[in-house]
Amino acid sequence: MLQAFQQRRWPLVIAWVLIIAAIVAAPAVVSVFGLNLLGRFLSLSIVALGIDLIWGFTGLLSLGQGIFFALGGYAAAMYLQLNSSSEQPNGIPEFFGLYGVDQLPGFWQPFHSPWFTLIAIWLIPALLAALLGNLVFRNRIKGVYFSILTQAALLVFFNFFNGQQKLINGTNGLKTDVTELFGQQVGSAFMQRGFFWLTAVMVILAWLAVRWVVRGRFGEVLIAIRDDEPRLRFAGYNPTLFKTIVFAMAGGLAGIGGALYTVQSGIVSPQYMTVPFSIDMVIWVAVGGRGTLIGAILGALVINLARSQISTVWPEGWLFILGGLFILVVTALPEGVVGWWQAGGPRNLLTRLGVARRIGTYPRLEMDGKEEAKS
């Protein structure tokens, strides 16, 4: 029993040791720019955890997580804009003057409070996800229709935010790198180092929270929804409630990731709601490993690190590499790299690629046994 436990756990332990070691060593060996990139990718891994929760464990493939990611980013940016506008005319952000707005819109007012902002970063995306999810799930819409609906919602929000020039600066977005927080410019090296550490801690806390959710009775219900929802409904459970809750949790995680990404990238804009970006989020989880949690984190980190490195050398080649990775996952590694490793790893790779593994026949095995007995 102890040996089986060790076989299941040691890859996870090694993965976390490597991640934590990289996080601790990064500030000493990586430049400020590199540290900023790593912080952004860590924030994206929080979003990937939410997608793994709803897709890997519940079977809900959402192609609209960019909505909640952007909402978290806008909440953080609105507070930073207001916090740095005391010297501006009428005490409102500078971009309002470009459109002749001289009075702060009402929905901006609560974001003067840092406490309200900290709650809004995750609560607003979570509430919106719960509302959208309940409308869909109570009508028993699932599978590809659910994916299409989430992508349609993404397009609606993208076009809406694009057209709100007078309210949120539309396509130009809201900048955060030139704003101030605690008397320091957000884009400064000191603040970016602090945001990196904050993001690293949030990744670990998010992983612990999601792991706690999926390891209990609640997690068992999620897996039952994924594998056989009609049977679960027949057993007396209400899948709509569980799916709404888990979709709201994924929305809240996306909002947290969006806020941390915004303060490290220096801007939030409707581009966070584009379809390719939300599809990329799904690919990170698919490549890393659905239903593994650690695979979602590693997938987001490794793929984005690879993209940043390869794009500088071969800009047009990254799409070909990403497409090849997705084809590999669909054809040979449906459970992702981490799931493949947990299921046997390199030993069954040729089998998955269609090459039959040579195994001994019963007469051959008996002969080998007799030879060993004689020796």
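Residues numbered from 1 in each chain as written. Predicted model: local features only at pLDDT ≥ 70, side-chain atom pairs only at ≥ 80, totals over all residues. Heavy atoms only, no water.

Colleague: Could you give an account of the packing of helix α3 (residues 65–83) against helix α11 (residues 275–288), naming the residues involved and the relevant values?
Modeller: Close contact between α3 and α11 brings their axes to 8 Å; oriented N to C, the two are set at 105 degrees. Overall, the two elements α3 and α11 adopt an arrangement that is roughly perpendicular. Here Gln-65, Gly-66 and Phe-69 of α3 come into contact with α11, specifically with Phe-277, Ser-278 and Met-281. Grouping the amino acids of the contact of α3 with α11 by side-chain chemistry returns 3 nonpolar, 3 polar and no charged. (Axes fitted to C-alpha atoms, helices over the stretch in contact; angles between N-to-C directions. Helix = DSSP H or I, 4+ residues; strand = E, 2+ residues; numbered from the N terminus. Parallel < 35°, antiparallel > 145°, perpendicular 65-115°, else oblique. Contact = heavy atoms within 4.5 Å. Nonpolar A, V, L, I, M, F, W, Y, C, P; charged D, E, K, R; others polar.)

Colleague: Which residues make up the packing of helix α2 (residues 32–56) against helix α10 (residues 239–265), and what are the values?
Modeller: Where α2 contacts α10, the two axes come as close as 8 Å, and the packing angle between them is 170 degrees. It follows that α2 is roughly antiparallel to α10 by the angle criterion. Residues Asn-36, Gly-39, Arg-40, Ser-43, Leu-44, Ile-46, Val-47, Leu-49, Gly-50, Leu-53 and Ile-54 of α2 touch α10, and the partners they reach there are Val-246, Phe-247, Met-249, Ala-250, Leu-253, Ala-254, Ile-256, Gly-257, Leu-260, Tyr-261, Gln-264 and Ser-265. Here the residues of the contact of α2 with α10 sort into 15 nonpolar, 7 polar and 1 charged.

Colleague: I'd love a proper account of the side chain of Ser-147, names of residues and values included.
Modeller: Along the chain, the position of Ser-147 falls in helix α6 (residues 144–162). Setting aside its immediate chain neighbours within four residues, Ser-147 contacts Leu-61 and Leu-63.

Colleague: Provide a residue-level description of the pattern of salt bridges, including the pertinent values.
Modeller: Evaluated as defined, the whole model comprises 7 salt bridges. For Arg-233, the salt bridge goes to Glu-229, with nearest N and O atoms at 2.9 Å. Taken together, the residues Arg-233 and Glu-229, both in helix α9 (residues 217–234) and 4 residues apart, mark about one turn of the helix. Overall, Arg-233 belongs to the partly exposed group, its relative accessible area being 24%. A relative accessible area of 8% means that Glu-229 is categorised as buried. As a salt-bridge pair, Glu-229 and Lys-243 come within 3.2 Å of each other at their nearest N and O atoms. Of this pair, Glu-229 sits in helix α9 while Lys-243 sits in helix α10, placing them 14 residues apart in sequence. One network of salt bridges, in which partners are shared, links Lys-142, Glu-229, Arg-233 and Lys-243. (Salt bridge = Lys/Arg side-chain N within 4 Å of Asp/Glu carboxyl O. Buried < 20%, exposed > 50% of the residue type's maximum accessible area, 1.4 Å probe, protein only.)

Colleague: Can you tell me about the confidence of the model for the chain, naming the residues and giving the values?
Modeller: Of all residues in the chain, 88% have pLDDT values of 70 or greater, and the mean over the chain is 86. Below a pLDDT of 50 lies the segment residues 1–6, which in the model reaches 0 contacts outside its immediate sequence neighbourhood of four places, other chains included. (pLDDT = per-residue confidence, 0-100.)

Colleague: If you had to explain α9 to someone new, which residues and values would you point to?
Modeller: The end-to-end C-alpha distance of α9, which contains 18 residues, comes to just 17 Å, noticeably less than the 26 Å that a straight helix rising 1.5 Å per residue would cover. Of all bends in α9, the biggest is about 125 degrees, found at Asp-228, and the proline Pro-230 comes one to four residues later. Those residues of α9 lying buried are Gly-219, Val-221, Leu-222, Ile-225, Glu-229 and Leu-232. Looking at the buried residues of α9, the elements they touch are α2, α8 (189–215) and α10. Taken from the residues just after α9, Gly-236 is the one with a positive phi, measuring 105 degrees. (Expected span 1.5 Å × (residues − 1). Bend = angle between axes of the 7 residues up to and from the residue.)

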